[in-house]
Number of protein chains: 2
Amino acid sequence: MNDQYEIKTEIAIVLYEGFTALDAIGPYEVLSRMPGARVTFMAVKPGPVRTDNGMLELVAERALEQAGEPDIILVPGGPGDVVARAGEPVLEWVREADRTSTWTTSVCTGSLILAAAGLLDGRRATSHWLAMEELRRLGAEPVSERVVFDGKLVTAAGVSAGIDMALTFVARIAGDTLAQAIQLGIEYDPQPPFDAGSPRTAPAQVVELVRAASPRVQAQGA
Amino acid sequence: MNDQYEIKTEIAIVLYEGFTALDAIGPYEVLSRMPGARVTFMAVKPGPVRTDNGMLELVAERALEQAGEPDIILVPGGPGDVVARAGEPVLEWVREADRTSTWTTSVCTGSLILAAAGLLDGRRATSHWLAMEELRRLGAEPVSERVVFDGKLVTAAGVSAGIDMALTFVARIAGDTLAQAIQLGIEYDPQPPFDAGSPRTAPAQVVELVRAASPRVQAQGA
């Protein structure tokens, strides 16, 4: 891409055992295409980190303590309460990194981690549609929108919403033209075969099926 | 998810140095949620495989020769001609695996690998919008659609189109209800901030910007 769009941007994506791959990879695919951007995958320990279903490992290049002061931090979600809060070292790092970040962001239940770290108290935020009440219990003001900005805190709805968040983001950081160019580069002209991606549009029996199958809901007894 | 949806399905995703992460992870995130599905990441050698921008490694769990006879094979794309054809061991494996697969699929320029393996001769197929002429030169009949079925060969357009392909696919294999449940589970209710995901809808100067920046176009002198 043209040099005129070059902005040096350090982006840290935090991985932890049981994260959901698309939560991290959607935004990575968009943000890594900004000229001057460097995305680094981090974890408590560097090395392979296993996803929620156990079928894949992504490699964390650096330990959290080597993260420096990234401009953007991104926390993906993962199923279940225990995993979602990701442990004290992650919470502590998120709190610390947020002090110097330009943007602190999450996808899906990554917002529960931000909330557990104390960053969303009284702030407008979103999460996976099944986790909105939990988000409220953790002190945030849940908003059923795809991407929610509250100052420098930016949260996206479930899993695939990270792509929309990242594009929205690039437009704010670097302008509409670059965001459109990245959208065209990844040919993001979505044509889902059904209108079932939100509990507002999916057939009622599909909503019930997903709700019943959710380990999150079972853990809460909700 | 309910046992009634359980169908044993072995899915092999082939990684190679320089692949595009979202091409692989979009479909993985959908297909891995089918009850009874097992997604395995493969490569010439097991171990970490680096993506196109050098910022991330995914771990290939098995060598291609250990792949067995997967029901579904999926080939992601990657930038540039050399990478796109991924080398003879990949081409050979794709040819071999296609003999016993139920579905042979690709995302983005992964279709150039299928074509280079000789699997798309005279068949309707799609690819990244910048690679359609190359697809034709490799013997396929390029079709500018998001997801193209030709018998058991299924190809998706650029990068993000793999999500739509996988959902379309799940509906065919396991029915609309399960596909809708997975769509709702990943909250795939896309709201791109711009209507710029296709060369048909993006502003002309954005199309030119992306075309000019493409290593694929530069390599072809097109």
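Across its full length, chain A holds nine helices and 11 strands. Against the 2.2 N^0.38 benchmark of 17 Å for 222 residues, chain A shows a C-alpha radius of gyration of 17 Å, consistent with a compact globule. Based on the C-alpha atoms only, the size of chain A along its principal axes is roughly 50 × 40 × 35 Å. Counting every position in chain A, which comprises 222 residues, the buried fraction comes to 57%. Long-range contacts, defined here as pairs at least 24 residues apart, represent 63% of the contacts in chain A between residues at least 6 apart.

Bringing the sheet that holds strand β7 (residues 103–107) of chain B into the picture now. All names here are of chain B. Strands sit in the order β5-β2-β1-β6-β7-β11-β10 across an open sheet of seven strands; the sheet is mixed. A strand with exactly one partner marks an edge of an open sheet, and here the two such strands are β5 (62–63) and β10 (147–150). In this sheet, β5 lies alongside strand β2 (residues 37–43) in parallel orientation, the contact comprising two bridges. Bridge pairing in β5 places Met42 opposite Arg62. In the packing of helix α3 (residues 88–100) onto the sheet, the strands contacted are β1 (9–14), β6 (72–75) and β7, and the crossing angle to β6 comes to about 155°. Most of the contacts of helix α6 (residues 161–174) go to strand β11 (residues 153–156), to which it runs at about 145°, and overall it touches β7, β10 and β11.

This part is about the relation of the copies chain A and chain B. Rotating chain A by 180° about the axis while translating it 0.0 Å along that axis superimposes it on chain B, leaving an RMSD of 0.0 Å. Look at the turn and shift together and you get a two-fold axis relating the two. The rotation axis passes nearest to the C-alpha of A:Leu58 in chain A, at a distance of 2.3 Å. With an isologous cut-off of 70% or more, the 100% of interface residues of chain A that recur at the interface of chain B puts this contact in the isologous class.

Residues and elements named next belong to chain A. Here helix α6 (residues 161–174) is 14 residues long and its end C-alpha atoms lie 20 Å apart, about the 20 Å a rise of 1.5 Å per residue gives. Within α6, 11 of the 14 residues are buried, which leaves the element mostly enclosed by the surrounding structure. Once α6 finishes, Gly175 follows within two positions and takes phi at roughly 100°, a positive value.

This part takes up the nonpolar core. Of all hydrophobic cores here, the largest spans 163 residues; its most connected members are A:Ile13, A:Leu15, B:Ile13 and B:Leu15. Apart from residues lying up to four places away in sequence, B:Ile13 is in contact with B:Ala24, B:Tyr28, B:Val39, B:Phe41, B:Met42, B:Leu74 and B:Pro76.

Right, let's talk about the packing of α6(A) against helix α7 (residues 176–185) of chain A for a bit. Residue and element names in this part refer to chain A. Where α6 meets α7, the closest approach of the two axes is 7 Å, and the angle between their N-to-C directions is 145°. You can see that α6 and α7 cross each other, and the crossing is right-handed. Of α7, the residues touching α6 (which contributes Leu167, Val170, Ala171 and Ala174) are Asp176, Leu178, Ala179, Ile182 and Gln183. Across the contact of α6 with α7, the residue classes tally to seven nonpolar, one polar and one charged.

Accessible area lost when the parts come together is the quantity often used to give the size of an interface. With 61 residues of chain A in contact, the opposing surface of chain B contributes 61 residues. In the side of chain A that touches chain B, the residues fall into 37 nonpolar, 16 polar and eight charged.

Here we come to the pairing of strand β6 (residues 72–75) of chain A. Residues and elements named next belong to chain A. In β6, alternate side chains face the same way, and those of Ile72 and Leu74 on one face and Ile73 and Val75 on the other are all buried. Here strand β1 (residues 9–14) pairs with β6 via three bridges, running parallel. Paired with Ala12 across the bridge in β6 is Ile73. Judged from the four bridges that link them, β6 and strand β7 (residues 103–107) form a sheet pairing that is parallel. Paired with Ile73 across the two strands is Thr104, which belongs to β7.

The subject of this paragraph is the sheet that holds β6(A). Residues and elements named next belong to chain A. The mixed open sheet is built from seven strands, whose spatial order is β5-β2-β1-β6-β7-β11-β10. Only two strands of the sheet have a single partner each, and these edge strands are β5 (62–63) and β10 (147–150). Of the strands in this sheet, β1, β6 and β7 touch helix α3 (residues 88–100), which is tilted by about 155° from β6.

Residues and elements named next belong to chain B. Taking 1.5 Å per residue, 13 residues should reach 18 Å; α3 reaches 19 Å between its end C-alpha atoms and fits that length. When α3 is considered as a whole, its buried residues turn out to be Val90, Trp93, Val94 and Ala97. Down the axis of α3, the smallest arc covering the buried residues is 105°, so these residues share one side. Of the residues in α3, the exposed ones pointing more than 90 degrees away from the buried face are Glu88, Glu92 and Arg99. Its buried side turned inward, α3 meets β1, β6 and α4 (110–116).

Moving residue by residue along a regular strand, the side chains alternate between the two faces of the sheet. Residues and elements named next belong to chain B. One ladder, built from four bridges, connects β10 with β11; its direction is antiparallel. Among the inter-strand pairings, Val148 is bridged to a residue of β11, identified as Thr155. In this structure, the hairpin formed by β10 and β11 is closed by a connection of two residues, where Gly151 is found at a positive phi of approximately 60°.

Let us now look at unusual backbone geometry. The phi dihedral of A:Cys108 falls on the positive side, at around 60°, and the residue is not glycine. Structurally, A:Cys108 can be placed in the loop between β7 and α4 (110–116).

Glancing now at the environment of A:Glu69. Summarising the element assignment, A:Glu69 is placed in the loop between β5 and β6. Note on A:Glu69: 13 C-beta atoms within 10 Å, which makes it partly exposed.

Here is what the cut-offs are and how they apply
Residues numbered from 1 in each chain as written. Chains lettered and ligands numbered in written order. Predicted model: local features only at pLDDT ≥ 70, side-chain atom pairs only at ≥ 80, totals over all residues. Helix = DSSP H or I, 4+ residues; strand = E, 2+ residues; numbered from the N terminus. Rg over C-alpha atoms; globule rule 2.2 N^0.38 Å. Buried ≥ 20, exposed ≤ 12 C-beta atoms within 10 Å, placed from the backbone. Contact = placed C-beta atoms within 7 Å. Pairing = 2+ DSSP bridges. Axes fitted to C-alpha atoms, helices over the stretch in contact; angles between N-to-C directions. Least-squares fit on C-alpha atoms with pLDDT ≥ 70 in both. Expected span 1.5 Å × (residues − 1). Core = buried A, V, L, I, M, F, W, Y, C linked by C-beta atoms within 7 Å. Left-handed = near helix turned anticlockwise from the far one by under 90°. Nonpolar A, V, L, I, M, F, W, Y, C, P; charged D, E, K, R; others polar. Arc of directions from axis to C-beta.

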